[in-house]
Amino acid sequence: MTAGAPRSWGLVAPALLLLVVGLVCPLVYLARESLHPFVDGRALPTGWTVTNYAELLRPAYAFYFFDTLRFGLVVSALALALGTPLAWIAARTARSALRRAILGLLIGLLFTNLVARLYAILVTYGTTGPFSGFARLFGLSAASPGFAAILVGIGLLHFVLPVAALTLIGTFQNLNPRLEEAASSLGAPRWRVALGILLPLAAPGLISAFLITFAMCISNFVVPLLLGRGVVLFTTNLMYVRITEIANYPSGAAIGIIMLVLVFAIVYGLSALARRLLPGEATS
Amino acid sequence: MMPLDRRRFLVGSGLGATAALLGGARLTPAQAAEQLMVVQWGAAWIDVSRKIVETYTKETGDKIAWELHAGGAMAIVAKIRPQWPNVGYNLISAWDPVFQAMIKEDWLEPVSLDEMPALKDIPPAFFQKDAAGRLMSVPLSTSGAFWGYREDLVDKPIESVEQLLEPRFKGKLCVPYPVNLTGLLMLTLAMQRGGNERNIEPGWALLKELAQRGQIGRVINNNSEFINAMSSGETSVAFFNIGAWTQVRKNFPTKILSRLADNRGFLFNEGFAIVKSDKDKVAASKRFANYFATPAINEMYNLPLGEGPTNSKAKPGDDIADVFYKPDELARYAYIADFAYMASQVDLWAKRWETEITPLLRT
């Protein structure tokens, strides 16, 4: 430990304190709440039980956890696929007007109220919207549950695409263009430069963007609420109903804790996978 | 529907203020003006309440701050629980099952005919009572939940809930999540197949049939979602409360199926509950609730809601005459649900919906 360490601790102490008080304490309380039995009409039930978890581990509830995670994975992958070219152009273009236009679009989307964007999707592509025929492209009717799921996906993409693209702009700006030039001058074709040089160098940024968007998707509440028409429900919607409509805090808390554990497991798993696939990252 | 225009409102509020002052809402010098926080529903409820309160504030000096229900009215119970007893609310606009939940928690102040003279004109059966028989709510509206449909979107009249299984209604049904209306959807479906509150299985069987056939196009959580789904034409048939139906009826030809041969309409009361707090706030809350219960104000309050006034001296709007029942029709068409029992089942029903119905809706 260096002499500067105590001073460093002093600097991080307020943030750590805030983290413990604002994040860790509520989560610990949530975990504790999840172990209480639900007693109708009792605000502070006594006793301990694992029933709330046992209920949620039934196969019927696996559907909700699987569905939520599936939306998260698909939409995050799409956000990367669509955000990467945008970010690349914004980072590398010599035309400042184009860069400004892309940045303006992304930041503008970020600052536009999400609820307004979701209602815009609903009135445009919903059952009575002028583009309700859009559903037929997927072989569905606009009133079908399948199309409600597609609208939820589009809504989530609206939410996370700007974040993914803006995250990647920083990543691409940090890639030294001379590495590409060196590879090209040694005869490497463009695809090999992209896959052999750029992708490994950008991988940490891509993984970060994926994990951020994934977390944003699976914790989202308002998108399935507004676009899911009550047939597409995320675990957050189940939690909301349990806590606010039925006052079954223990069951709602158990859903939250299970999601927390699942997300930690997935994020840890993906990070570990990335470290194995990208040995250079193992030490970073 | 009789619109609540400026002339009608001014005449009504003038009469209401006069009646309220003569009828017991008179301020004495000892009554200091208070600031009250009232929880109310959005849409027509808050609009008419704000209009009424303009006059009330001038008369009494009491200032009213509003907060809107988020989601179903039962959500307010979950919101209050962690805050109790440090709750900022003085009055909560809700309905019978919510009042029962709050009575069970011992959050409410009893009301009496001596302190609130306007309550003398409200039938005793409308009040929610505690175990000691004390009056715990201020009923303002007789409401109901019914099946109904948009006549411009349905080719042939609907005469039975059984018809909703027909292919023409695929994706056209709008139903509330079972926690809404304390599970009245489950009850109406159960009654369709010979069940009741305590024999709900026939309702689940019918619900599964509807879900499997793809009839349910929308599951809603609140009035606004219902109004949007029905007004946009996204769905054409629904089961929901008359207040929300009234908003749809304002703009579209709508048939409320309150007189089905093989099913029933469900009646219940809405109104205010007074939350326990200090003596002055409680006194001001009672003053406020009493004002809303006076005949002219009660009439004015219910007119835009499409609900029946509870004060026997108030007249119901012409437009709801076809929905609510004459005394001799009550036994045949109306049903008063056992909300206390149903409230105890809602958690179970919500879980069954999640595990047995939602997966069917997605297929």
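Rules of the game
- Residues numbered from 1 in each chain as written.
- Chains lettered and ligands numbered in written order.
- Predicted model: local features only at pLDDT ≥ 70, side-chain atom pairs only at ≥ 80, totals over all residues.
- Heavy atoms only, no water.
- Helix = DSSP H or I, 4+ residues; strand = E, 2+ residues; numbered from the N terminus.
- Rg over C-alpha atoms; globule rule 2.2 N^0.38 Å.
- Buried < 20%, exposed > 50% of the residue type's maximum accessible area, 1.4 Å probe, protein only.
- Contact = heavy atoms within 4.5 Å.
- Buried area = accessible area lost by both parts, 1.4 Å probe.
- Salt bridge = Lys/Arg side-chain N within 4 Å of Asp/Glu carboxyl O.
- Core = buried A, V, L, I, M, F, W, Y, C linked by side-chain atoms within 4.5 Å.
- Domains from an automatic or database assignment.
- Phe/Tyr/Trp six-rings, centres within 6.5 Å; stacked < 30°, edge-to-face > 60°.
- Pairing = 2+ DSSP bridges.
- Polar contact = N/O pair within 3.5 Å; in protein donor to acceptor, adjacent residues only side chain to side chain.
- Axes fitted to C-alpha atoms, helices over the stretch in contact; angles between N-to-C directions.
- Parallel < 35°, antiparallel > 145°, perpendicular 65-115°, else oblique.
- Left-handed = near helix turned anticlockwise from the far one by under 90°.
- Nonpolar A, V, L, I, M, F, W, Y, C, P; charged D, E, K, R; others polar.

Draft legend 1. Seen up close, the overall build of chain B. Secondary structure assignment for chain B yields 12 helices and 11 strands. Here chain B has a C-alpha radius of gyration of 21 Å; the compact-globule value for 363 residues is 21 Å, and the two agree. Out of the 363 residues in chain B, the part that is buried amounts to 62%. Contacts in chain B between residues at least 24 apart in sequence constitute 77% of all its contacts with a sequence separation of at least 6.

Draft legend 2. Molecular detail of the interface of chain B and chain A. Each partner contributes residues to the interface: chain B has 31 residues there, and chain A has 36 residues. At the boundary of chain B with chain A, total buried surface from both sides reaches about 3,000 Å², with 52% on carbon and sulfur atoms. For chain B, the biggest contributors to the area lost against chain A are B:R81, B:E354 and B:R362; these three give 24% of the whole. Put simply, chain B and chain A have 4 salt bridges between them. Note that B:E234 is salt-bridged to A:R229, the shortest N-O span being 3.3 Å.

Draft legend 3. Summary view of the nonpolar core. In terms of nonpolar packing, the biggest core is built from 185 residues, with B:W147, B:L184, B:F226, B:F288, B:F292 and B:W353 touching the most fellow members. In terms of residue count, helix α6 (residues 145-173) of chain A provides more of this core than any other element does, 14 residues in total. A domain split of this core shows at least three residues from each of domain 1 (4-142 + 268-320) and domain 2 (144-266 + 333-361) of chain B. With residues near it in sequence (within four places) discarded, B:L184 still touches B:A145, B:F239, B:F266, B:F268, B:A337, B:F339 and B:M342.

Draft legend 4. Geometry of the packing of aromatic side chains. As enumerated under the stated definition, the model contains 32 aromatic pairs over all chains in all. Consider the rings of A:F63 and A:Y64, whose centres lie 5.2 Å apart with planes at 85°: the pair is edge-to-face. We classify A:Y64 as buried; its relative accessible area is 0%. The interplanar angle of 25° and the centroid separation of 5.0 Å between the aromatic rings of B:F226 and B:F240 together place this pair among those described as stacked. With a gap of 14 residues between them, B:F226 in helix α7 (residues 223-231) and B:F240 in strand β7 (residues 237-241) connect regions that are remote in the sequence. As far as the burial class goes, B:F226 and B:F240 line up, both buried. Among the aromatic side chains, those forming a connected cluster through ring pairs are B:Y56, B:W66, B:F272, B:F288, B:Y291, B:F292 and B:Y301.

Draft legend 5. Here's a closer look at the pairing of strand β4 (residues 138-150) of chain B. Residue and element names in this part refer to chain B. For β4, a buried count of 13 out of 13 residues is recorded, marking the element as mostly surrounded by other parts of the structure. Bridge analysis of β4 against strand β9 (residues 265-274) gives 7 bridges, and the strand direction is antiparallel. By the bridge assignment for β9, S143 is matched with F268. Sheet topology places β4 next to strand β10 (residues 308-309); 2 bridges connect them, and they run antiparallel. In the sheet register, T142 faces β10, and the bridge partner there is G308. As judged from the 4 bridges shared by β4 and strand β8 (residues 254-257), these two strands associate in the antiparallel manner.

Draft legend 6. Representation of unusual backbone geometry in the model. All names here are of chain B. P85 follows W84 through a cis peptide bond whose omega is 5°. Tracing the sequence through the fold places P85 in the loop between α3 (75-80) and β3 (91-95). Unlike most non-glycine residues, A43 shows phi in positive territory, near 50°. Inspection of the secondary structure puts A43 in helix α2 (residues 43-60).

Draft legend 7. Representation of the side chain of B:N298 in the model. Residues and elements named next belong to chain B. Positionally, N298 belongs in helix α10 (residues 295-302). Polar contacts involving the side chain of N298 include one to the main-chain amide nitrogen of T310, which spans 3.0 Å. Separated by 2.9 Å, the side chain of N298 and the backbone nitrogen of N311 make a polar contact. The contact partners of N298, leaving out residues within four places of it in the chain, are L140, F292, A293, P309, T310, N311 and A314.

Draft legend 8. Up close: the packing of α2(B) against α10(B). All names here are of chain B. The interhelical angle for the contact between α2 and α10, taken along N-to-C directions, is 150°, at an axis separation of 9 Å. By the angle between their directions, the pair α2 and α10 is classed as roughly antiparallel. Between α2 and α10 lies a crossing whose hand is right-handed. Facing α2, whose interface residues are W45, V48, S49 and I52, α10 presents I297, M300 and Y301. Split into classes, the residues belonging to the contact of α2 with α10 amount to 6 nonpolar, 1 polar and no charged.

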